[in-house]
Amino acid sequence: MMFPAINAPEPDTFVITVVLGAFMIFTGVALLWAVSDIRNRAPVVVWGGLVRYAGFVAVAYAGLLGFAPKIFVAIAAMDLVTATIYIFGSINVSGLSFWSLMLGRSRTEEQ
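Residues numbered from 1 in each chain as written. Predicted model: local features only at pLDDT ≥ 70, side-chain atom pairs only at ≥ 80, totals over all residues. Heavy atoms only, no water.

A. Geometry of the side chain of serine 94. Note on placement: serine 94 falls in helix 4 (residues 70-94). The exposure class assigned to serine 94 is buried, which follows from its relative accessible area of 1%. A polar atom in the side chain of serine 94 sits 3.2 Å from the backbone nitrogen of leucine 96. (Helix = DSSP H or I, 4+ residues; strand = E, 2+ residues; numbered from the N terminus. Buried < 20%, exposed > 50% of the residue type's maximum accessible area, 1.4 Å probe, protein only. Polar contact = N/O pair within 3.5 Å; in protein donor to acceptor, adjacent residues only side chain to side chain.)

Put into structure tokens, the structure is as follows:
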């Protein structure tokens, strides 16, 4: 997504494509880092899940308006499942409530 935009830039989509591509890459890296110690970094994973929920809502809405191909909605549905796993898994592993995780609390603060 990002590399073709750099190789053949189009004025009206270049900046947003590169920014979104970089965002996706760094979000993935942050999630890999967070799950290496999910018990203490669960808030990062929860917020990653919330971003995926927001992405699903945006793509589903765009699909309803005819702005996005149906395959994008199917892919976004997989993100919806992933987001649900991220959030409920983080709650289960950390033993903290959803609201505590949203506020950035972790097990290390309670000790």
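B. Inspection of the environment of arginine 41 at higher detail. Note on placement: arginine 41 falls in helix 3 (residues 38-65). What makes arginine 41 partly exposed here is its relative accessible area of 22%. Sequence spacing of arginine 41 and serine 94 is 53 residues, and the spatial spacing of their C-alpha atoms is 8.7 Å. Ignoring any residue separated from it by four or fewer positions in sequence, one finds arginine 41 in contact with Trp33, Ala34 and Ser36. (Contact = heavy atoms within 4.5 Å.)

C. Expanded view of the pattern of salt bridges. For the structure on display, the rule yields 1 salt bridge. Among the salt bridges present, the one from aspartate 79 reaches arginine 52, with a minimum N-O distance of 2.3 Å. Of this pair, aspartate 79 sits in helix 4 while arginine 52 sits in helix 3, placing them 27 residues apart in sequence. (Salt bridge = Lys/Arg side-chain N within 4 Å of Asp/Glu carboxyl O.)

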